[in-house]
Each structure stands twice: as C-alpha cells, then as structure tokens.
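# Chain and residue survey
Take a look at the letters that make up each chain.
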Amino acid sequence: MSQLQISVELPVLDLSQPVHPSFLSTLSRACQEWGFFYVTNHGISQNMFDKVCALSKHMFSNPSDTKLKLGPLSCIKTYTPYFIASPYFESLRVSGPDFFASAKASADVLFAQQSSEFSEILKEYGIKMMELSKTIIKIILMSLGNGYERKFYDAEFINCHGYLRLVNYTPPEMVEENHVEGLGMHTDMSCITVVYQDEIGGLQMRSKDGQWMDICPCENSLVVNIGDLLQAWSNGRLRSSEHRVVLKRQVNRLSLAFFWCFEDEKVILAPEEVVGEGSLRIYKPFVCLDYLKFRESNEEGKFERIAYTVKDFAGIK
Ligand SMILES: O=C(O)CCC(=O)C(=O)O
Ligand SMILES: [Fe+2]
C-alpha cells in the first residue's frame, strides 16, 4: 500500500440552510469527481449515534458461535463473519422498511435476556436514515438539473428502500506502518450510502488516477457516497465512489453504513434529459436485482475487487 496520500476538501451539505445555487455546482463537481461529500445539521443527535454504537459493541461482543447462528449458513443471514469481506471485518445487517422486526429477528437469536432496546433504537435510527436519504437524493437531483427533484423523485425514487450495516473492525495484533486494509477497495451497490464512522477514522476514497485520500471523521457530519445504481441512473454524471477502510491503530473501529437502494425489480435506465442532448448513453438498461446477483455471484466482487462493477455488467463497450 504505497500510494501517495493527497488531501482534498469535500463539500459540506448543511441541511439547516437553504441550498444555494453555487453550492449545487460545487456538489455536482464533487459527485462527478469523487462521489463523496459530507452532510451536517442532519437532525440526528450524537446521543443517537452513541446509543447505536454502544448497542453494536455489546452485540458484537457475543461469542462467535452465537453470532454464527445468524451467519451465511443460517436462515436469517444477517451476520457477515470475519474472513468474508476481510479477516478484520464483521457486520450485522438490519433491513427496512420494518427495521424493528429485522433487528428483533437477530436480537432474539443473540441475546438470552430479552430487551426491546436494541430493536427500538435501530428502528428509530433506520427511520431517520430513510428520511435523511430522501432529503439528500433530492438535493443531488437538484444538482443535476433545475427542477429535477420534482421531475424525477416521485417517478424514479419513490420505491427506494434502505438497510443498515453495523460494522466492527478488529485489527491484527501488529499493525505495520499503520496500514492494514480492514475492507478492500470497492464501490457500493446502492444509490447512496450514508456513513457514520467513529472517532478512529480510516475511511479512504480513491481518486480517478488512483491516489488515496483520508475521509476524516468530522464532528456532527456524516459521509455520503454515491453508489453504482446512481452512477448508472445518471449515465455516469455521478461517480460511484471507490473507497476502502484502513486500520491504522490497534483499536477496534465501528461504523454504521446505511445503504439506500432502488427496489429489486426496477429497470435502471438514465432518463433522456439526464443523459443530455448530444451525449451518448453509456449503460444498457438493466434490472436492479440482476446486477446485485452479478456482484454476489463473483465472491470477490462483493466487497473486494473493483474489477466487477456496473460498468462490467451494463456498460456499452
Ligand atoms: O466502515 C466504513 O467506514 C465504510 C464501510 C463500507 O464502505 C461498506 O460497508 O460498504
Ligand atoms: Fe462501501
């Protein structure tokens, strides 16, 4: 991992302010160049993040054999154990729209003592993230064209759904030269992903020419990144961010990644106006679920390798 580190200032979308046209052009440039930006004054309190993190820590502290009851070989399949995405990564998925039911299905298996706190808090967090994702996508649409949020939100994004991944990274005993990949370079299979990372940091994004940049945990701000589905829907005007997580110190790291996605059966095809007159279409239309299956059928494509993306699946050569 010897790539040069560079530093770039990402825009901060402040939801307490009206969106200014000059901000929209900054946002659109960042989404095209990096596929990343921050959002602040998003209405979710630090207390809420602290609660979700404390519950996550407690949940991950269960013994492996208990967690594996939710693993890939179980019928629930909400838990991804170590050595699937990476030797240092484990995660639990909580799916909408009924975040309570999804969290409870996992909690019932994990916790001997029944308490609804885990499921209640994750439900509250999931609902807030759904609302926030809708607000963000409307602003991204505004950045693509005047009035596009009115023109396209209801027509294209109304059936989007979300799921949350609670992620725990446990670094190896020795962290040499402060660089161990906790999660290899990948793009997300979402429209957008809204990420809370704890104070440890370690999220990095890759520039178009292959340089890595730290996405620092920024107080009161969440990280938003563009996923493959929005890259295809926008005919490449929004870039699906290439990112990874590096573990720099010998401390556990927690993150909460919320994936907001098109419904499985949606046919993804960039509208004519979004493609723009005189521009060529660069993706064939495809069914969302077919792409997810394509990524999942390539074991390595799931998390690790940039080799399998929406370009490989639907790109017009
Ligand atoms: O842990 C993080 O900060 C990001 C996780 C991530 O990129 C993912 O789960 O897709
Ligand atoms: Fe990701």
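Heads up: the structure comes first, above all this text.
Quick summary incoming for the structure in this document. Model, not experiment: these values are computed from the prediction.

## Focus: the coordination of the iron ion (ligand 2)
Coordination of the iron ion (ligand 2) by the protein comes from His 186 (NE2), Asp 188 (OD) and His 243 (NE2), over a distance range of 2.1 to 2.2 Å. Spacing between the donor residues of the iron ion (ligand 2) along the chain follows H-x1-D-x54-H. Summarising the burial analysis for this pair, His 186 and Asp 188 share the class buried.

## Focus on the environment of Leu 15
When you line up the elements, Leu 15 lands in the loop between β1 (12-14) and α1 (21-33). Measuring from C-alpha to C-alpha, the distance between Leu 15 and His 42 comes to 5.9 Å, with 27 residues separating the pair along the chain. The residues touching Leu 15, leaving out its near neighbours within four places in the chain, are Val 39, Thr 40, Asn 41, His 42, Leu 132, Thr 135 and Ile 139.

## Re the sheet that holds strand β4 (residues 89-95)
Read from one edge of the open sheet, eight strands run β1-β2-β10-β7-β12-β5-β4-β3, paired in mixed fashion. Each edge of the open sheet carries a strand with a single partner, namely β1 and β3 (79-80).

## Describing the site of ligand 1
Taken together, Arg 165, Tyr 169, Leu 183, His 186, Asp 188, Val 195, Leu 203, His 243, Val 245, Arg 253, Ser 255 and Phe 259 form the complete shell of residues around ligand 1. In the environment of ligand 1, an oxygen atom lies 2.9 Å from a nitrogen or oxygen atom belonging to the side chain of Arg 165. Between ligand 1 and His 243 there is a distance of 3.1 Å, counted from an oxygen atom to a side-chain nitrogen or oxygen. Isolated, ligand 1 exposes 290 Å² of accessible area, and the fraction of that covered by the protein chains is 99%. Contributions of two or more residues to the shell around ligand 1 are made by β5 (161-169), β6 (180-186), β11 (243-247) and β12 (253-261). The residue inventory of the shell around ligand 1, partitioned by class, reads six nonpolar, three polar and three charged.

## Here we look at the side chain of Asn 225
Tracing the backbone shows Asn 225 in strand β10 (residues 221-226). Of the residues examined, Asn 225 reaches a relative accessible area of 2% and is grouped as buried. A polar side-chain atom of Asn 225 sits 3.0 Å from a polar atom in the side chain of Ser 241. For Asn 225, the contacting residues outside a window of four places in its chain are Gly 35, Phe 36, Asp 188, Cys 191, Ile 192, Thr 193, Val 195, Ser 241 and His 243.

## A look at the packing of helix α4 (residues 99-110) against helix α5 (residues 117-144)
Two elements in contact, α4 and α5, have axes whose closest approach is 8 Å; the angle formed by their N-to-C orientations is 145 degrees. Crossing angle aside, the handedness with which α4 passes α5 is right-handed. Contacts from Phe 99, Phe 100, Ala 103, Lys 104 and Ala 107 in α4 reach Phe 118, Ser 119, Glu 120, Leu 122, Lys 123, Gly 126, Ile 127 and Met 130 in α5. Looking at the contact of α4 with α5 residue by residue, the classes come out as eight nonpolar, two polar and three charged.

Cut-offs used in this document
- Residues numbered from 1 in each chain as written.
- Chains lettered and ligands numbered in written order.
- Predicted model: local features only at pLDDT ≥ 70, side-chain atom pairs only at ≥ 80, totals over all residues.
- Heavy atoms only, no water.
- Donors = N, O, S within 2.8 Å, 3.2 Å for Na, K, Ca; no water.
- Buried < 20%, exposed > 50% of the residue type's maximum accessible area, 1.4 Å probe, protein only.
- Helix = DSSP H or I, 4+ residues; strand = E, 2+ residues; numbered from the N terminus.
- Contact = heavy atoms within 4.5 Å.
- Pairing = 2+ DSSP bridges.
- Near = heavy atom within 4 Å.
- Polar contact = N/O pair within 3.5 Å; in protein donor to acceptor, adjacent residues only side chain to side chain.
- Areas by Shrake-Rupley, 256 points an atom, 1.4 Å probe, with all protein chains shown as cover.
- Nonpolar A, V, L, I, M, F, W, Y, C, P; charged D, E, K, R; others polar.
- Axes fitted to C-alpha atoms, helices over the stretch in contact; angles between N-to-C directions.
- Left-handed = near helix turned anticlockwise from the far one by under 90°.

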